[in-house]
Amino acid sequence: MTHTTANTFTFGGMTVNRLGYGAMQLAGPGVYGPPKDHDAALAVLREAIALGVNHIDTSDFYGPHITNRIIREALHPYPDDLVIVTKIGARRDEKAAWLPAFSADELKQAVHDNLRNLGVEALDVVNLRSMLGDGHGPAEGSLAEHVRVLADLQQQGLVKHIGLSNVTATQVAEARDIVEVVCVQNLYNIAHREDDALIDALARDGIAYVPFFPLGGFTPLQSSTLSEVAASLNATPMQVALAWLLRRSPNILLIPGTSSVTHLRENMAAAELELSKEVLATLESIGG
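The rules we used
Residues numbered from 1 in each chain as written. Predicted model: local features only at pLDDT ≥ 70, side-chain atom pairs only at ≥ 80, totals over all residues. Heavy atoms only, no water. pLDDT = per-residue confidence, 0-100. Contact = heavy atoms within 4.5 Å. Helix = DSSP H or I, 4+ residues; strand = E, 2+ residues; numbered from the N terminus. Polar contact = N/O pair within 3.5 Å; in protein donor to acceptor, adjacent residues only side chain to side chain. Pairing = 2+ DSSP bridges. Axes fitted to C-alpha atoms, helices over the stretch in contact; angles between N-to-C directions. Parallel < 35°, antiparallel > 145°, perpendicular 65-115°, else oblique. Left-handed = near helix turned anticlockwise from the far one by under 90°. Nonpolar A, V, L, I, M, F, W, Y, C, P; charged D, E, K, R; others polar. Buried < 20%, exposed > 50% of the residue type's maximum accessible area, 1.4 Å probe, protein only. Lys, Arg positive; Asp, Glu negative; His and termini not counted. Salt bridge = Lys/Arg side-chain N within 4 Å of Asp/Glu carboxyl O. 1 Å grid on protein atoms, 1.4 Å probe; cavity = no way out; pocket = protein on both sides within 12 Å on 5 of 7 lines; lining within 4 Å. Points joined across faces, edges and corners; volume = space filled by probe spheres on them. Core = buried A, V, L, I, M, F, W, Y, C linked by side-chain atoms within 4.5 Å.

Draft legend 1. Examining the confidence of the model for the chain more closely. The predicted model of the chain averages 96 in pLDDT, with 98% of residues at 70 or higher. Across residues 1–5, confidence stays below pLDDT 50; counting only partners more than four residues off in sequence or on other chains, it has 18 contacts.

Okay, here's the thing in structure tokens:
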């Protein structure tokens, strides 16, 4: 296993600080509707930039349309070094359900929705979010048709770079035969390490890996171990989980989300958290 403390990573010719920000929690409850405190949402984004964040993860199906409009209101015109990564492939209905939106027309419409609501002429990175299977985890099946739609939008100059989300290693390889893939976004954390081999393979090829749910799916015992380590370091479990991910591989980019400036500052402090060999061994035993 590789451990690193490098602070930046370059993918697709873009250099970003490895600790970024995920905008999902800027929308209302269940990632649906407006936030309860609009001004607080603006403040979180502006504080993130002030703290050095130059990688923001979002989607126009958050809200829907809510988070992108908040990002635009808070930050436009955007800093020159800011990379905004969005994702397409899903939609929300009037009952807030998450549904596939995977046809060519739906993917094209999603790109145009992101362009309009973010207020840009081209999107930095668009992740194709696989909705195969039940949509809640990677499921095998060809994504070639959908990747080609994105490749065409890239040729039109509407999309600068292409990534994938909720995918298998086979699907990554298939997509890379069609277009350059600059990042992969999947569920991964100390307790859920199914993508270990994929992360290492992507690192060798200079492709970013962006894990979501850094504290998702822990058993009570695993959570207890993490909490004990955090207490010994005078840190929060989230800070420890993020610090471990930063040291897991140099191509890992983090996008923790929050609607609180206080929690944002706590998350950002994870980059300075030192993990000894003993602590690392304890943490890695969680996923053993």
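Draft legend 2. Molecular detail of the environment of Gln25. Residue placement: Gln25 occurs in the loop between β3 (21–22) and α1 (38–50). The sequence separation of Gln25 and Glu278 amounts to 253 residues, and the corresponding C-alpha distance is 34 Å. Residues within four places of Gln25 in sequence aside, it is in contact with Gly257, Thr258 and Ser259. A polar atom in the side chain of Gln25 sits 3.1 Å from the backbone oxygen of Gly257.

Draft legend 3. The arrangement of the sheet that holds strand β5 (residues 83–88) in detail. Taken in spatial order, the 7 strands line up as β3-β4-β5-β8-β9-β10-β11 in an open sheet, and their pairing is parallel. Since the sheet does not close on itself, it has two edges, and those belong to β3 and β11 (208–212), each with one partner. Relative to β5, strand β4 (residues 55–57) runs parallel, the two being bridged by 3 bridges. Of the residues in β5, the one forming a bridge with Ile56 is Ile84.

Draft legend 4. Broad picture of the side chain of Ser260. Mapped onto the elements of the fold, Ser260 is located in the loop between α8 (237–248) and α9 (261–268). Looking at Ser260, its side chain comes within polar contact range of the main-chain nitrogen of Thr262, at 3.2 Å.

Draft legend 5. Inspection of the packing of α1 against α9 at higher detail. Axis separation between α1 and α9 bottoms out at 9 Å; the angle between their running directions is 25°. Between α1 and α9, the angle falls in the class roughly parallel. Where α1 crosses over α9, the two elements pack in a sense that is right-handed. Where α1 approaches α9, its residues Ala43, Val44, Glu47 and Ala48 are matched on the opposing element by Val261, Leu264 and Arg265. Classifying every residue of the contact of α1 with α9 gives 5 nonpolar, no polar and 2 charged.

Draft legend 6. Fine view of the side chain of Asp195. If you trace the backbone, Asp195 turns up in the loop between β10 (181–187) and α6 (196–204). The buried charged residue Asp195 lacks any salt bridge partner; its closest oppositely charged side chain belongs to Arg248, at an N-O distance of 9.6 Å. Engagement of the side chain of Asp195 in a polar contact is seen with the side chain of Tyr209, the distance being 2.6 Å. With near-sequence residues (within four places) excluded, Asp195 lies in contact with Asn186, Leu187, Tyr188 and Tyr209.

Draft legend 7. Here's a closer look at the pairing of strand β2 (residues 14–17). Residues Met14 and Val16 of β2 are buried on one face, while the alternating residues Thr15 and Asn17, pointing to the opposite face, are not. Looking at chain direction, strand β1 (residues 8–11) and β2 are connected through 4 bridges and run antiparallel. Bridging from a neighbouring strand, Thr10 pairs with Thr15 of β2. The antiparallel pairing of β1 with β2 creates a hairpin that spans 2 residues between the two strands, and Gly12 there sits at a positive phi of about 60°.

Draft legend 8. Up close: the layout of surface pockets. Put simply, the largest pocket is a space of about 900 Å³. Taken together, 38 residues line the largest pocket, and the ones lying closest to its centre are Met24, Tyr62, Arg129, Phe212 and Phe213. Put simply, the parts of the chain that give the lining of the largest pocket at least two residues each are β10, β11 and α8. Here the residues of the lining of the largest pocket are counted per class, giving 21 nonpolar, 11 polar and 6 charged.

Draft legend 9. Structural context of empty space enclosed by the protein. In total, this model carries 1 cavity of 30 Å³ or more according to the counting rule given. Along its surface, the largest cavity is lined by Phe11, His55, Asp57, Val85, Asn127, Cys183, Gln185, Val210, Leu253 and Ile255. Elements supplying a minimum of two residues to the lining of the largest cavity: β4 and β10. Along the lines of polarity and charge, the residues of the lining of the largest cavity split into 6 nonpolar, 3 polar and 1 charged.

Draft legend 10. Expanded view of the environment of Leu107. Along the chain, Leu107 turns up in helix α3 (residues 104–118). Owing to a relative accessible area of 1%, Leu107 belongs among the buried residues under this scheme. For the pair Leu107 and Tyr62, spaced 45 residues apart in sequence, the C-alpha separation works out to 15 Å.

Draft legend 11. Region of interest: the nonpolar core. Tyr21, Leu45, Ile71, Val111, Leu150 and Leu283 are the most contacted members of the largest nonpolar core, which has 81 residues in total. Broken down by element, this core gets its largest block of residues, 6 residues, from α8. If near-sequence neighbours (up to four positions away) are discounted, Val111 is found in contact with Ile88, Leu123, Leu150, Leu153, Leu158 and Val159. Among the nonpolar cores identified, the runner-up in size contains 13 residues, and Met14, Ala208, Leu253 and Ile255 belong to it.

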